[in-house]
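Architecture and fold: a report
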Amino acid sequence: EAGVAQSPRYKIIEKRQSVAFWCNPISGHATLYWYQQILGQGPKLLIQFQNNGVVDDSQLPKDRFSAERLKGVDSTLKIQPAKLEDSAVYLCASSVGIWLPQETQYFGPGTRLLVL
Amino acid sequence: AQTVTQSQPEMSVQEAETVTLSCTYDTSESDYYLFWYKQPPSRQMILVIRQEAYKQQNATENRFSVNFQKAAKSFSLKISDSQLGDAAMYFCAYRSATSGNTPLVFGKGTRLSVIA
């Protein structure tokens, strides 16, 4: 079974530039998550999708971050414009079910973003 | 809001020995799940073990076991017969059981080194 795929793996940009990350979850997984992991900290949830609907985006900085999950499969996370403090690893995860808090989340390898 | 604290930024263990990683959490809820995730240097995070708060029996997965003390809000991970492949960041995480759209709340992690 293929795991969660993310691209690119690394990205370096200047502040105020835009960047986009892509995630392909495990086939059949209804729920998709984007996390931000700043160096030295645990992952922090940015947004959770169930199929193509948003169920939690309370920690997404909506003035600069946006995300979509068209057709309930792939997802993109965009930052526009980027700030220095956005430097982090962006992790995508997926899980099978809906409304099951005990569900295992399967993580992708992450995209490491450096904003200069 | 729930918080998760991992008080040991780094730990080391000799190969074949046993090590215990500490985790405490703060919540006013009675029904929740606790997780330990492992993040090797390649960055793909994987689930190690899961504990349901309403179960008194401590979870075990092969060489990994937990000591869950609900009253003390403590959830430690014991790794027996440590192997070189156990070297990684270990994150303790909490999730409310009220529904499937509550976020995973992670601690800051403990970096485990295994000495040959």
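Residues numbered from 1 in each chain as written. Chains lettered and ligands numbered in written order. Predicted model: local features only at pLDDT ≥ 70, side-chain atom pairs only at ≥ 80, totals over all residues. Heavy atoms only, no water.

**Quick look at a nonpolar patch on the surface**
Residue and element names in this part refer to chain A. Here is the rule we go by: Like-charged residues are merged into a patch within 9 Å and nonpolar side chains (Val, Leu, Ile, Met, Phe, Trp, Tyr) within 5 Å, provided each residue has over 30% relative accessible area and no salt bridge. In this description, accessible areas are obtained by the Shrake-Rupley approach with a 1.4 Å probe, and a residue is regarded as covered only by the protein chains that are shown. Basic side-chain nitrogens of Lys or Arg form a salt bridge, by our definition, when they fall within 4 Å of a carboxyl oxygen of Asp or Glu. The helix and strand labels rest on DSSP assignments: H or I over at least four residues marks a helix, E over at least two residues marks a strand, and numbering proceeds from the N terminus. Note on classification: 1.4 Å probe, protein chains only; a residue is buried when its accessible area is under 20% of the maximum for its type, exposed when over 50%, partly exposed between these limits.
Among the surface-exposed residues, Ile-12, Leu-114 and Leu-116 lie close enough to one another that they form a single nonpolar patch of about 290 Å² accessible area. By secondary structure assignment, the location of Leu-116 is in the segment after β11 (111–115). Since its relative accessible area comes to 48%, Leu-116 is described here as partly exposed.

**What to know about unusual backbone geometry**
All names here are of chain A. Here Ser-7 and Pro-8 are connected by a cis peptide whose omega angle stands at -10°. Relative to the helices and strands, Pro-8 is located in the loop between β1 (5–7) and β2 (10–13). Each neighbour pair has its own omega, and for Gln-80 with Pro-81 the value is -5°, a cis peptide bond. A positive phi angle, near 65°, is found at Lys-71, a position not held by glycine.

**Thoughts on the state of the cysteines**
As a reminder, the rule being used: To count as a disulfide, a pair of cysteine sulfur atoms needs to be within 2.5 Å.
Following the criterion strictly, the structure yields two disulfides over all chains and no others. There is a disulfide in this structure between A:Cys23 and A:Cys92, and the S-S distance comes to 1.9 Å. Between A:Cys23 and A:Cys92, the S-S torsion sits near -70°, and that sign places the bridge as left-handed. Of the two residues, A:Cys23 is situated in strand β3 (residues 19–24) and A:Cys92 in strand β9 (residues 88–95); the sequence distance between them amounts to 69 residues. Of the two residues, A:Cys23 and A:Cys92, neither departs from the other in class, the shared state being buried. A disulfide bridge connects B:Cys23 with B:Cys92, and the sulfur atoms are separated by 2.0 Å. Because the torsion about its S-S bond is -70°, the bridge between B:Cys23 and B:Cys92 counts as left-handed. Of this pair, B:Cys23 sits in the loop between β3 (19–21) and β4 (24–26) while B:Cys92 sits in strand β10 (residues 88–96), placing them 69 residues apart in sequence.

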